[in-house]
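# Geometric and topological summary
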Amino acid sequence: MTLDELERLAAEERAAQRKTACWLHVCTAASCLSAGAAEVKQALEQELAERGMLNFCKVKGVGCMGLCSAGPLVAAQPEGFLYGRVTPDDAPDITRSLVEGRPLRRLAVPGDLPFFRRQFKIVLENAGRVDPERLEDYVAAGGYASLLKVLNEMTPQDVIREVTASGLRGRGGAGYPTGLKWSTVAKSQDREKYVVCNADEGDPGAFMDRAVLESDPHRVLEGMAIAAYATGARHGYIYVRAEYPLAVARLRAAIRQAERAGLLGNRIAGTPFSFHVEVRLGAGAFVCGEETALMASIEGRRGTPRPRPPYPAESGLWGHSTLINNVETLANVPVILREGGEWYARIGTPNSKGTKVFALAGRVLHTGLIEVPMGISLREIIFEIGGGVPEGRRFKAVQTGGPSGGCIPEEYLDTPVDYESLSALGSMMGSGGLIVMDDSTCMVDLARFFLEFSKGESCGKCVPCRVGTAHLYDLLDRILRGESDGAALAMLEELSDLLRHTSLCGLGQSAPNPVLSTLRHFRHEYEAHLEGRCVAGACRTGERR
Amino acid sequence: MNAGIKTLRIDGRDVGARGDQTILQVARENGIFIPSLCYLEGLSPVGACRLCLVEVKGAARLLPSCVTRVEEGMEVTTRSERLDRYRRMILELLFSERNHICSVCVSNGHCELQGLAEKLQLTHVHFPYRYPRLPVDASHPRFVADHNRCILCTRCVRVCDEIEGAHTWDVMGRGIEARIITDLNQPWGESESCTSCGKCVHVCPTGALSEKGRSVAEMAKRRQFLPYLTMMRTQR
Amino acid sequence: MTAPHAAPPGTDKRWKIVEAAMRRHGYRRDALIEALHSVQETFGYLDDDSLRFVASALRLPLSAVYGVATFYHFFTLKPPGRHTCVVCTGTACHIKGAPELLALLEREYGLKPGETTPGGELSLLTARCVGSCGLAPVVVFDRELAGKLSAEDLRRWLERRLAHDAR
């Protein structure tokens, strides 16, 4: 498909969509589907058909609208009325309200909630708007225009310059500058190079990548193709969790559609550039989010990390130069090429530019998926966007960065969200899980929860992580059962220091973070447990919860 | 590419090296001791035991000397209070992980784990012992595998794959549950791929793999064959 | 592309699905995980026969195949029960009550994660995070997901599902 053909397809699709005066957008991402969205969609379609209204109004399955706690969500366009907790029985009322041109108050979710107003959408600009199962809809929204612009008008160096100028940093957690990573791979003389999309979102409590893949899979493919052009790769892999069947199905469908349209495959858009993408399934191993373990897994082996250097840019998949970026990082790329790196760099803070997608969950009123500019404070996210802690409970801490991150107490809530500030608090940006805890959560129990995770996910290759995480877990378990004395806390700190400095990969190096951050901010909860009390009243001492 | 001659400084001593050598190789050539358990000359290095970590000036992290290539002007420190402390703790972790009872072990006196503990003056293990219940596999006519003594260094896995070419051994499971296995986790004696060459037994640093019929402290390992075999392979 | 030397362990037609998955990857060694996925999807679990078949078709050592099959928690070497109940133990589910759900399953059905009831009726598994944190705590019964469950909700839900089966 050439640039002209792409523009024609976009225009045709837009014209066809304009013929329908009104659209009912039904969220068909996993969270709403599990709340019954498929049945709602079917009921709405049936209702419209029975009333003979299909010329006037159509139903469209779209990706995540964000407010997962109110699912299934339906939006009536163009007015933008949003309805929550919709059931199939609501279909007649919703269709009637369309005819009357008034919102249906009974189900209405206020559209001016800070949850919506305070967001800034780049990665999620299409989520909840386009049908993730149709290439045409993505194209009508401007999709693949960046790729074709890049192929027709820019050199690989131009592309890297633009991405570097944007200041984009890796959204998988560590925050490595994306432009620098690309230029390293581009410089490699290797004749065979690979681009890998890391979609092995394993943090418990994080579902950003899943939502992006389910809502807008073509955006990720477009980002990958641009990355491949910039670095000189011909083949790409998307390594995605097998636990995300819907994301896998939509990705596979999107790849087929893009290949058929000539937007992936050989000689894309009539240019000499060829790029093939394959999906590879993970199989339930958190450590495979680590890039060397991920590559071992793509090669069909046990997902154990190896020491770096050599870095993947030098020696990656099958020993070839390899670029690995996470889903959200790649999803930013088409927008950066469309709007320019300078535009992107104006969003966020001096060192953390752009936006970040967070999965907001736990003891907070509005849970779901949000995208906010970097630099926003944790307090704004939790109390304005999230609506605060429900049921009259008190906020206690927010956990970021999953098992590699830490807990941040109330006094630091005005900290801006950026890579360096969160690290300074003993936590980390991580991939974007943000879990709110109230005064009913025991922080020692939470630390044990994360160590149970890290112990179970340790690959077992290096000694400190394999044995150390097991000891840390046992120590925490004994403290919770009231079987320890003060020496246990010293041993926790000693082991944490060892793991942090001697483990082979990031999993082991960061596994102590949940222990260290809770010891730092909530030491009194540990001390209370040593005396047989639980400050949160969550644990009955002397027995396991 | 980087095979030229480099000069670097290890523990304040200027040493020369080929660019394709690792810090550990150069240190050993120069009689500088760095402890290690998973490393064995002739097998591919994996950087797993973390005992050979060293401080390199300008590096943010400690680096495993078995896989870190020398660089011009590098300044390496192989002994420090911190390194000694970490190394002793790692040894303690290994002793606490399974059931290492030296006094009744076939490798007593010939064991690399025991030898390092003596050398690094490890006097006691202050982490709680885990005492897992692990099997002893005596199904092979000539050899015994005692999982109680295994430290998962994977030397057996690598020698069997890289030198013997049989790939009888591998690791199953993960984390603290990981274990070495033969074929489909079947008794060693029933393994279809094992050639009974015994290389795994002789590269094993502890009493985990031993010859049958050996009593306490009788199992000394012969390792001289390995560099020879590696040389034969590369010249073939 | 080399044809496999190996014949499937049985005459079951479903082996064709597994063979097709391996053929699609040219019987390359890196197709191992894909092949194991295909076996598990087809037969519900990985037994020794299927591991032998995959090993020989991809020309991989047996221990390497076993090592991979046991490294990844998505794979199971035991046949699952007629029904599977997966309790999500992600962070959001943990703080919103997943431990209570697991306690209930142990109390009512005597099941710990990874176990199956003696009659083979129900298997209990845990998932690190199914990514539906907005609905925490979440349970997946067979392929159906239910969220915001109390222990009592789960008890009734399972009772209904299993009673339906018994009729």
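Worth saying up front: this structure is predicted, and the values here are computed from it rather than measured.

## Points about the domain arrangement of chain C
One frequently used descriptor of interface size is the decrease in accessible area upon assembly of the parts. We note that the domain assignment places domain 1 (15–71) and domain 2 (83–166) within chain C. On a C-alpha basis, the centroid separation for the pair domain 1 of chain C and domain 2 of chain C is 30 Å.

## Some thoughts on the sheet that holds strand 1 (residues 83–88) of chain C
All names here are of chain C. Taken in spatial order, the four strands of this open sheet run 2-1-3-4, and their pairing is mixed. The sheet terminates laterally at strand 2 (122–127) and strand 4 (144–146), the two strands that pair on one side only. With direction set aside, neighbouring strand axes in the sheet form an average angle of 20 degrees. Pairing analysis gives six bridges linking strand 1 to strand 2, with the strands arranged parallel. By the bridge assignment for strand 2, Thr84 is matched with Ser123. Along the sheet face, helix 6 (residues 98–109) touches strand 1, strand 2 and strand 3 (139–141) and points at about 150 degrees away from the line of strand 1.

## Topic: the sheet that holds strand 4 (residues 81–83) of chain A
Residue and element names in this part refer to chain A. Taken in spatial order, the five strands line up as 2-1-3-4-5 in an open sheet, and their pairing is mixed. Taken across any chain shown, the strands that pair with only one partner, and hence form the sheet edges, are strand 2 (57–62) and strand 5 (108–109). Two elements, strand 1 (residues 22–27) and strand 3 (residues 74–77), share four bridges in a ladder whose sense is antiparallel. Within strand 3, the residue paired with His25 across the bridge is Ala75.

## Regarding the packing of helix 10 (residues 208–215) of chain A against helix 12 (residues 245–260) of chain A
All names here are of chain A. The contact between helix 10 and helix 12 brings their axes to 8 Å, and the two run at 40 degrees. Relative to helix 12, the element helix 10 is oriented oblique. Regarding helix 10 and helix 12, the two cross each other, and that crossing is left-handed. On helix 12, the residues touching Arg210, Leu213 and Glu214 of helix 10 are Leu246, Ala247, Arg250 and Leu251.

## A closer look at the interface of chain C and chain B
Counting residues at the interface gives 10 residues for chain C, matched by 14 residues for chain B. Of all the secondary structure elements, the ones that give two or more residues to the side of chain C that touches chain B are helix 3 (48–57) and helix 4 (62–71) of chain C. Among the elements that make up the side of chain C that touches chain B, the one with the highest residue count is helix 4 of chain C (seven residues). The class makeup of the residues in the side of chain C that touches chain B is six nonpolar, three polar and one charged.

What counts, and where the lines are drawn
- Residues numbered from 1 in each chain as written.
- Chains lettered and ligands numbered in written order.
- Predicted model: local features only at pLDDT ≥ 70, side-chain atom pairs only at ≥ 80, totals over all residues.
- Domains from an automatic or database assignment.
- Pairing = 2+ DSSP bridges.
- Helix = DSSP H or I, 4+ residues; strand = E, 2+ residues; numbered from the N terminus.
- Axes fitted to C-alpha atoms, helices over the stretch in contact; angles between N-to-C directions.
- Contact = placed C-beta atoms within 7 Å.
- Parallel < 35°, antiparallel > 145°, perpendicular 65-115°, else oblique.
- Left-handed = near helix turned anticlockwise from the far one by under 90°.
- Nonpolar A, V, L, I, M, F, W, Y, C, P; charged D, E, K, R; others polar.

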